[in-house]
Structures are given as C-alpha cells and as structure tokens.
Amino acid sequence: MVKKLERNAPCWCGSGRKYKQCHSAFDDKLIMYADKGFFIPDRDIIKSEKDIEGIKRSAVINMAVLDYVGEHIEAGISTQQIDDWVVKITKEMGGHCAPLGYDGYTKSVCTSINDVVCHGIPSEKEILKDGDIINVDVSTYFEGYYSDSSRMYLIGNVSDEARRLVENVKKSVEIGVENVKPWTTLGDMGSKINEFAISCGYEVVRSIGGHGIGKEFHEDPFVSYVSNPGEEMLMVPGMCFTIEPMINAGKHDIYIDEEDGWTARTKDGSLSAQWEVQLVVTEDGCELLCW
Ligand code: MF3
Ligand code: CO
C-alpha cells in the first residue's frame, strides 16, 4: 500500500525536499499502477541520490578488483590465487569482501569454471588450464553500500563454442540493460534476455537470478530472465538491481554440489557463462553503477 504524505512534509526518500516537490507525483503514479494490478516496489528499495553516490564509491573498488584480475589471470594459477588478489586489492582500497561469511560462505569471491554455473569456491587445488572459461564474481561492501559485478575471462586458446557462449551472454546483458525502462516490468526486460538466449540455441538458468542491492547485499526484487512480459515487479526510477543471467550452452537444469553446498553445475555438463552488472533505473532508462 502506498501511503501519501502531507504535501509539505519532508519526502520519505531522504532528499530533504518537500514531499510535494519530490516523490508525490511518483507516488500517484505508483498508486495508479498498483490499482491496475502491477507488482510495485516498497519504498525501502528506492535509492536516493546520496545512496547512489555511496554505491558508486563501493563500485570503484569492485571494478578495480575485476580489472586487476583481468590483468593477471592466466593458465597455471589456482582459483585461491584469485581469492588472494581480491582480498588484497579490496583491503588496500578500504573495502570489505561481501561474500566472506555471507550465509556461511568461507571465501571472498566466487570463481566458476566451464560447467560451473555460479558460486564456485576458490581452492588451492583448482588450477586454471588452457581453454577454460571462468566467471569471477566480485562483491564489495564500502561505507554502508554494496556493489556487485562479475566478468568472464578466457584462458589461453578457447574453443569457438566457448568463446561464442561468453560473447553472446555479454550481448544478452546488454540487451537486458537496453530494456530497462521505468514503468515497465522486470518481466518485459528479462523476457528479452531469454528470447535472445533461445535464438542462440542456449537455455537460461531459472532458479538463480539477479537481485536488488544497495544497503543490503541482496534486496528485493528477485530478477528472473525467464518470466513473461508484464510479469514481475514494476521498474521505477531509483530502483537498483543486478542483471546477471547464467546461460547454459545446453539445458537449463542445474544441481548444487552436495559436499560443499554451494557450487552450482549444469546437469548435462554443458558450458555455462555469466556476466553481471549493477544499475539504477532512471527517468528514461538506466545508469550502470558497476560492471
Ligand atoms: N555475488 C553473487 C551475486 O551475484 C552472490 C554470491 S553469494 C556468495 O549475487 F556467498 F557466494 F558469495
Ligand atoms: Co549479484
């Protein structure tokens, strides 16, 4: 339920402006969409300009970490080495690694190779080899705000199939970003990603998706890439979330490693790739905050 404030009251968004000059018209619009049956966001996930500035400062660290990984990653190193780099750069820049201790996770980054869909756990024993594709998923906490993005890296000489998958998944994220428009739904956006993946002969993972983010690592909404147009939450200015489809070269089915409780793999052993960006919805589209 959207509860309107008194016209001259300070706006609920924390801008310091009067409600009538700030989110009053926004609330009217939201009420109209709610009446039409749309799934609308709660106020606590709408970010203020101050919040966006905070997220951007966190993202500076997150992106520097991924840049560093990109400059140093090569065949022969272990995924633990990547974890060590992530910890080192994050600490040097004054941030904290959000994955460490999250829900009992014991490392500071996720490293997902080939058929690993996501949440691969770094290990001394896991050595990168020529032809591997790997997703490195970095998440940073800095002065009250979270940032989150992931990139794929090609190790040495990669098969055409693997390269094509990695490039197309990147393209699918770009398609998602182009389709973030306020007052349309997450299903409108996500379905475009699914459509593209299918046209490439791939399948999108269903049970794991993107998420709201900002003051918490994972906030509402859940961001699916297999829902239909018109479904899921309405996108509105100030909403901040990730687009991070996991796309399999084969079937969409995945399973979680029983021993570690985290590592997700494709059931059919096919390759899987993922790129992740974090964005804020604006008045006419979106702005990327972390990539
Ligand atoms: N970084 C992942 C995401 O994109 C979350 C990883 S949770 C962890 O949402 F505990 F495995 F780090
Ligand atoms: Co994420």
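Our subject is the structure listed above.
First, a word on what this report is: a plain description of the structure on this page.

So, how was this worked out
Residues numbered from 1 in each chain as written. Chains lettered and ligands numbered in written order. Predicted model: local features only at pLDDT ≥ 70, side-chain atom pairs only at ≥ 80, totals over all residues. Heavy atoms only, no water. Donors = N, O, S within 2.8 Å, 3.2 Å for Na, K, Ca; no water. Tetrahedral: all angles 85-135°; square planar, octahedral: opposite > 155°, others 65-115°. Helix = DSSP H or I, 4+ residues; strand = E, 2+ residues; numbered from the N terminus. Buried < 20%, exposed > 50% of the residue type's maximum accessible area, 1.4 Å probe, protein only. Pairing = 2+ DSSP bridges. Near = heavy atom within 4 Å. Polar contact = N/O pair within 3.5 Å; in protein donor to acceptor, adjacent residues only side chain to side chain. Areas by Shrake-Rupley, 256 points an atom, 1.4 Å probe, with all protein chains shown as cover. Core = buried A, V, L, I, M, F, W, Y, C linked by side-chain atoms within 4.5 Å. Contact = heavy atoms within 4.5 Å. Phe/Tyr/Trp six-rings, centres within 6.5 Å; stacked < 30°, edge-to-face > 60°. Lys NZ or Arg CZ within 6 Å of the ring centre and 35° of its normal.

**Digging into the coordination of the cobalt ion (ligand 2)**
At step 1: All of the protein donors around the cobalt ion (ligand 2) are Asp148 (OD), His211 (NE2), Glu244 (OE) and Glu276 (OE); their distances to the metal are 2.0 to 2.3 Å.
At step 2: Considering all six donor atoms around the cobalt ion (ligand 2), the spread of angles at the metal, 52 to 162°, places the coordination shape in the irregular class.
At step 3: Each donor residue of the cobalt ion (ligand 2) belongs to the same chain, with the gaps between them written as D-x62-H-x32-E-x31-E. On the criterion of sequence distance, the pair formed by His211 in strand S7 (residues 210–212) and Glu276 in the loop between strand S13 (272–274) and strand S14 (277–281) is long-range, its members being 65 residues apart. The exposure classification of His211 matches that of Glu276, with both residues buried.

**Here we look at the pairing of S14**
At step 1: By the criterion of burial, S14 is predominantly enclosed, with five of the five residues buried.
At step 2: Side chains Val277, Leu279 and Val281 of S14 all project onto a buried face; the interleaved residues Gln278 and Val280 project onto the opposite face, where all are buried too.
At step 3: For strand S9 (residues 240–243) and S14, the ladder comprises four bridges, and the chain directions are antiparallel. Directly across from Ile243, in S14, lies its bridge partner Val277.
At step 4: Of the strand pairs in this sheet, S14 and strand S15 (residues 286–290) are connected by four bridges, and their pairing is antiparallel. Note that in S15 the partner of Gln278 across the bridge is Cys290.
At step 5: As consecutive antiparallel partners, S14 and S15 are separated by four residues.

**A word on the site of ligand 1**
At step 1: Near ligand 1 lie 14 residues; those nearest to it are Pro99, Asp137, His211, His218 and Glu244.
At step 2: Separating a nitrogen atom of ligand 1 from a side-chain N or O atom of Asp137 is a distance of 3.0 Å.
At step 3: Contact distances for ligand 1 include 2.9 Å between an oxygen atom and a side-chain N or O atom of His218.
At step 4: Compared with its free state, where it exposes 340 Å², ligand 1 has 95% of that area covered by protein.

**Examining the nonpolar core**
At step 1: Judged by nonpolar contacts, the single largest core of 43 residues is most densely connected at Met189, Phe241 and Ile243.
At step 2: Every element with two or more residues in this core is listed here: helix H1 (24–35), helix H4 (160–178), helix H5 (186–199), S9 and S14.
At step 3: Considering each element in turn, this core owes the most residues, seven residues, to H4.
At step 4: Beyond its immediate stretch of four places on either side in the chain, Met189 contacts Gly176, Asn179, Val180, Val223, Tyr225, Met235, Phe241 and Ile243.

**Brief notes about the side chain of Ser112**
At step 1: Following the sequence through the fold, Ser112 ends up in strand S2 (residues 110–113).
At step 2: Within the structure, Ser112 has its side chain in polar contact with the backbone nitrogen of Gly120 (distance 3.2 Å).
At step 3: Setting aside residues no more than four positions away along its own chain, Ser112 makes contact with Val117, Cys118, His119, Gly120, Ile133, Ile134 and Asn135.

**A word on the environment of Ser112**
At step 1: You can call Ser112 buried: its relative accessible area is 2%.
At step 2: In this structure, the C-alpha to C-alpha distance between Ser112 and Ile243, residues 131 residues apart in sequence, is 17 Å.
At step 3: Polar side-chain contacts of Ser112 include one of 3.4 Å to the backbone nitrogen of His119.

**Overview of the packing of aromatic side chains**
At step 1: Applying the stated criterion across every chain, the model contains nine aromatic pairs.
At step 2: Centre to centre, the rings of Tyr68 and Trp85 are 5.9 Å apart; their planes meet at 70°, and the pair counts as edge-to-face. A residue pair is termed long-range when its members are at least 10 positions apart, and Tyr68 in helix H2 (residues 49–72) and Trp85 in helix H3 (residues 79–92) qualify at 17 residues.
At step 3: With relative accessibility at 10%, the residue Trp85 sits in the buried group.
At step 4: One aromatic cluster is present, formed by Trp12, Phe26, Tyr33, Phe38 and Trp183 through successive ring pairs.
At step 5: Cation over ring: Lys36 sits above Tyr33, and NZ or CZ is 4.9 Å from the ring centre.
At step 6: The ring of Trp275 has Lys170 sitting right over it, with the charged end atom 4.7 Å from the ring centre.

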